[in-house]
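Structural features, examined
For reference, the chains in residue letters:
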Amino acid sequence: MDGDRIEEATLANSPVDEISHLALDIGGSLIKMVYFSTGSEQSTDKTQKNSSKDSHGVSGGNKHRNLLNGRLYFLKFETSKINECLDFIQSKQLRCRGVQHCGFPASDKNIIKATGGGAFKFADLFKEKLDISLDKVEEMSSLVSGANFLLKAVPSEAFTYVNGQRNYVQIDHNDLYPYLLVNIGSGVSMIKVDGDGKYERVSGTSVGGGTFWGLGKLLTKCKSFDDLLEMSHQGNNRVIDMLVGDIYGGMDYLKIGLSSTAIASSFGKAISENKELEEYKPEDVARSLLRMISNNIGQIAYLNALRFGLKRIFFGGFFIRGHAYTMDTISVAVDFWSKGEAKAMFLRHEGFLGALGAFMNYKLVEEFTNSNPPVGDLNDNGIIECCVQVSS
Ligand SMILES: Nc1ncnc2c1ncn2[C@@H]1O[C@H](COP(=O)(O)OP(=O)(O)OP(=O)(O)O)[C@@H](O)[C@H]1O
Ligand SMILES: CC(C)(CO)[C@@H](O)C(=O)NCCC(=O)O
């Protein structure tokens, strides 16, 4: 498991044998996992049988439904290390004890909801190694249901990032749509969302998180994504980017709204300086790269928002990683191009939209209790408390 030591610690306390429903988003770079667990003591204390007095009880035809209080846990693995994901699922014995212990329908036990390209690519592997069938959920629809769920159910999910400050946004459920969802994974998808299940993928770009990570690896020789991000944090993009001031003799070009410090050409300084790659600090290269890609995505996002008259743009995907400089660059790009008209917003569960959407496809989640994880990055707390409905 990469970069998730805190989540691992959380998992160590989570009940091994009571993981039930689990959903996966198997992307080009990362596998995201969401699973529900009641917790060992919780399930007996808090499981509530349906009854007329029980406000959590739901009656549906002849079926009784139980409501289980529990938590949604979030985890990720590198797609290139898919065996770690398979081992994890196997170690949790998801297929046997977990499912039946929680009272979930036995018919579900060998089936996992999965989205992303890997749901197709790795279907045989899951079958061969774990005897699990992947029930495929369409990727864009998963992203949209994940985003809609988070925006409606989790207070303080969305925030703007301005001048280094996170400002949490209260979402009015009656005034959520339409919005543009920009999911920055390996590649970037831009989806106009008009309601629950009402959406259209209006654009995309192949210059995304995979580009940053791939080019960054080649150019800086760094070994992990987090190292690359950390390097970008230390670097100075002005060493490599050609600024307006470099072209205009230190002056602004205010007639077209460009200050002397604006980037005129990403990596443009490398043309005229007779330097080899090794002569640049990897930190500066990483910074220019991050700025170039974030800026470009911010601009394309804005243009699509403009195309459809959308004022709100939510950015998700694991490229962002709650990274200050990334969010700042995207926010500034949207603000600059829209002249302050459109707002860039970020999501705390940024990378898990697809996996959550696939989980929602089980149609189990009834309500959310105390579903506001402490403010901070998801890396600090990967849990959402919720109440799940099961039929018996
Ligand atoms: N630990 C990490 N290892 C690799 N990439 C990471 C890591 N953390 C963040 N990233 C970034 O996140 C990107 C992947 O984001 P995400 O998981 O949302 O997309 P994906 O589902 O893998 O891609 P796609 O949807 O295009 O198939 C990577 O390309 C990289 O830029
Ligand atoms: C191909 C997907 C949807 C896979 O998640 C993603 O990587 C993406 O949106 N890429 C951008 C492709 C494009 O629109 O040019």
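Counting starts from 1 at the beginning of each chain's written sequence and moves along it residue by residue. Each chain is given a letter, starting from A, and each ligand a number, starting from 1, according to the order in which they appear as written. Residue-level local features of this predicted model are given only where pLDDT is at least 70; pairs of side-chain atoms are given and counted only at 80 or more, and the full residue set underlies all totals for whole chains, interfaces and linings. Each side-chain value is derived from all of the structure's non-hydrogen atoms; neither hydrogens nor water enter the calculation.

What follows is about the packing of helix α9 (residues 225-234) against helix α12 (residues 282-308). Helix axes are fitted only over the stretch in contact, all axes being lines through C-alpha atoms; the angle between N-to-C directions runs from 0 to 180 degrees. Numbering goes from the N terminus for both helices and strands, where a helix is a DSSP run of H or I of at least four residues and a strand is a run of E of at least two. Packing of α9 against α12 brings their axes to within 7 Å, and their N-to-C directions diverge by 95°. Viewed along their axes, α9 and α12 adopt a mutual orientation that is roughly perpendicular. Here L228, L229, M231, S232, H233 and Q234 of α9 come into contact with α12, specifically with P282, E283, A286, R287 and L290. Grouping the amino acids of the contact of α9 with α12 by side-chain chemistry returns six nonpolar, three polar and two charged. Any angle from 65 to 115 degrees is called roughly perpendicular, while one under 35 is roughly parallel, one over 145 is roughly antiparallel, and all others are oblique. Note on contacts: a residue pair qualifies if any of its non-hydrogen atoms lie within 4.5 Å across the two residues. Residue polarity follows a fixed list, in which Ala, Val, Leu, Ile, Met, Phe, Trp, Tyr, Cys and Pro are nonpolar, Asp, Glu, Lys and Arg are charged, and the others, Gly among them, are polar.

Turning our eyes to something else, we now look at the packing of aromatic side chains. Each pair of aromatic rings is reported with the distance of its centres and the angle of its planes. Any Phe, Tyr or Trp ring, taking Trp's six-membered ring, that has another such ring centre within 6.5 Å forms a pair; planes under 30 degrees apart are called stacked, those over 60 apart edge-to-face, and the others tilted. This model, assessed by the stated rule, comprises 16 aromatic pairs. On the numbers, 5.7 Å between centres and 25° between planes, the contact of F315 with F346 is stacked. With F315 in strand β14 (residues 312-316) and F346 in strand β15 (residues 343-347), the pair connects residues that are 31 residues apart, well separated along the chain. This pair shows no difference in class: F315 is buried, exactly as F346 is. Cluster of aromatic residues (ring-pair linked, three or more members): Y35, Y73, F77 and F88. In this structure, K76 is placed above the aromatic ring of F318, and the distance from its NZ or CZ to the ring centre is 5.2 Å. Burial status follows relative accessibility: with a 1.4 Å probe on protein chains alone, a residue under 20% of its type maximum counts as buried, one over 50% as exposed, and anything between as partly exposed. Geometrically, a lysine NZ or arginine CZ counts as sitting over a ring once it is within 6 Å of the ring centre and also within 35 degrees of the ring normal.

Turning next to the site of ligand 2. Being near a molecule or strand, for a residue, means having at least one of its heavy atoms within 4 Å of it. The full set of residues close to ligand 2 is E139, M140, G187, V188, S189, R201, G204, T205 and S206. Taking G187, its main chain carries an N or O atom lying 3.5 Å from an oxygen atom of ligand 2. Note on areas: Shrake-Rupley, 1.4 Å probe, and residue coverage restricted to the protein chains presented here. When the free accessible area of ligand 2 is taken as 390 Å², the share hidden by the protein chains comes to 56%. Broken down by element, the shell around ligand 2 gets its largest block of residues, three residues, from strand β11 (residues 198-205). Grouping the amino acids of the shell around ligand 2 by side-chain chemistry returns two nonpolar, five polar and two charged. Nitrogen and oxygen atoms within 3.5 Å of one another constitute a polar contact, given that in protein one can donate a hydrogen and the other can accept it, and given that sequence-neighbouring residues count only through two side-chain atoms.

Below, the discussion takes up the sheet that holds strand β9 (residues 179-184). Should DSSP find at least two bridges between two strands, the strands are regarded as paired. Strands sit in the order β8-β7-β15-β14-β9-β10-β11 across an open sheet of seven strands; the sheet is mixed. On the outer flanks of this sheet lie β8 (165-168) and β11, each paired with one strand and no other. Averaged over all pairs of adjacent strands, the angle between strand axes in this sheet comes to 30°, irrespective of strand direction. Bridging between strand β7 (residues 158-162) and β8 involves four bridges; their strand directions are antiparallel. Residue pairing across strands places V162 opposite Q165, the latter belonging to β8.

Our focus in this paragraph is the nonpolar core. Buried Ala, Val, Leu, Ile, Met, Phe, Trp, Tyr and Cys residues that are joined via side-chain atoms within 4.5 Å together make up what is termed a nonpolar core. In terms of nonpolar packing, the biggest core is built from 65 residues, with L24, M33, L72, I89, F126 and F314 touching the most fellow members. Membership of the second largest hydrophobic core comes to 34 residues, among which are L289, L310, I313 and A342.

All right, on to a nonpolar patch on the surface then. A contiguous nonpolar surface patch, about 320 Å² in accessible area, is contributed by I247, Y248 and M251. For M251, the location among the structural elements is in the loop between α10 (244-247) and β13 (263-265). The patches described consist of residues with a relative accessible area above 30% and no salt bridge, like charges being joined within 9 Å and nonpolar side chains (Val, Leu, Ile, Met, Phe, Trp, Tyr) within 5 Å. Take a side-chain nitrogen of Lys or Arg and a carboxyl oxygen of Asp or Glu: if they are within 4 Å of each other, that pair is a salt bridge.

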